[in-house]
Amino acid sequence: MLVWLTIIGVWIIDRFLKVLIQTNFSPGETLIVIPKVFHLTFVLNPGAAFGLMAGQTWIFIVTAFVVIGGVIYGQFRIPPSERLTRIAIGMIGGGALGNLYDRLVIGRVVDYLDFQIWPYVFNFADSMIVSSVGLLMFLIYKEEKARGISEKIEEPPTTPRNQGNE
């Protein structure tokens, strides 16, 4: 249930923010929030992250369906006690669903978060996907460290030579 609630929560927040931007901005319009640091800029992105592969919408639609399918499958495989992992995959699913919705309904993704330290504009769904992948990497690292896997790789047990051959 936690995965589904997270997916729905991320999707609702993403839709709300995108509708707010679409209602109050024209494409290309910018609002300076913190000069030279953070702007809100309405961009209709025809590609993937950073505008890569513009015009290849079908690839992103298929990929989103595969990701959402993987999240649905994963939620049955991850124990309920692993709450952070379940939240992380829900964040990925919600982010994928948010951008998939844009591609299916608008034909492009609504982006608006414009940090001036790089030339790319992104959205809440993108940030959920990226931050949840980071969270999953941290959780995997933490689990491996707890098991000692990251510090020591176990070697298979060896048997003494010539045992029983003399």
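Across the interface, helix α1 (residues 2-24) lies against helix α4 (residues 124-147) with an axial gap of 9 Å and an inter-helix angle of 145°. When α1 is examined against α4, the residues Val10, Ile13, Asp14, Leu17 and Lys18 are found in contact with a partner set consisting of Phe124, Ala125 and Met128. Of the residues assigned to the contact of α1 with α4, the class counts are 6 nonpolar, no polar and 2 charged.

This next bit is on the pattern of salt bridges. As enumerated under the stated definition, the model contains 3 salt bridges in all. With a closest N to O distance of 2.8 Å, Asp14 and Lys18 form a salt bridge. Of this pair, Asp14 and Lys18 both sit in helix α1, 4 residues apart, roughly one helical turn. For Arg15, the salt bridge identified is with Asp102, shortest N-O distance 2.9 Å. Here the residue Arg15 occupies a position in helix α1, and Asp102 occupies one in helix α3 (residues 83-105), the gap between them amounting to 87 residues. Classification of Arg15 by relative accessible area gives buried; the value is 12%. Residues joined by salt bridges that share partners form a network here, namely Asp14, Arg15, Lys18 and Asp102.

What follows covers the nonpolar core. Counting 13 residues, the largest nonpolar core has Ile21, Leu40, Tyr112 and Leu113 as its most contacted members. Looking at this core, the elements that each hand over two or more residues are α1, β2 (38-45), β3 (109-115) and α4. Discounting residues that sit within four places of it in the chain, Tyr112 has contacts with Asp14, Leu17, Lys18, Ile21, His39, Leu40, Thr41, Val121, Phe122, Asn123 and Phe124. Core analysis: the second largest hydrophobic core is formed by 8 residues, Val3, Ile7, Ile89 and Ile92 among them.

About the cut-offs
Residues numbered from 1 in each chain as written. Predicted model: local features only at pLDDT ≥ 70, side-chain atom pairs only at ≥ 80, totals over all residues. Heavy atoms only, no water. Axes fitted to C-alpha atoms, helices over the stretch in contact; angles between N-to-C directions. Helix = DSSP H or I, 4+ residues; strand = E, 2+ residues; numbered from the N terminus. Contact = heavy atoms within 4.5 Å. Nonpolar A, V, L, I, M, F, W, Y, C, P; charged D, E, K, R; others polar. Salt bridge = Lys/Arg side-chain N within 4 Å of Asp/Glu carboxyl O. Buried < 20%, exposed > 50% of the residue type's maximum accessible area, 1.4 Å probe, protein only. Core = buried A, V, L, I, M, F, W, Y, C linked by side-chain atoms within 4.5 Å.

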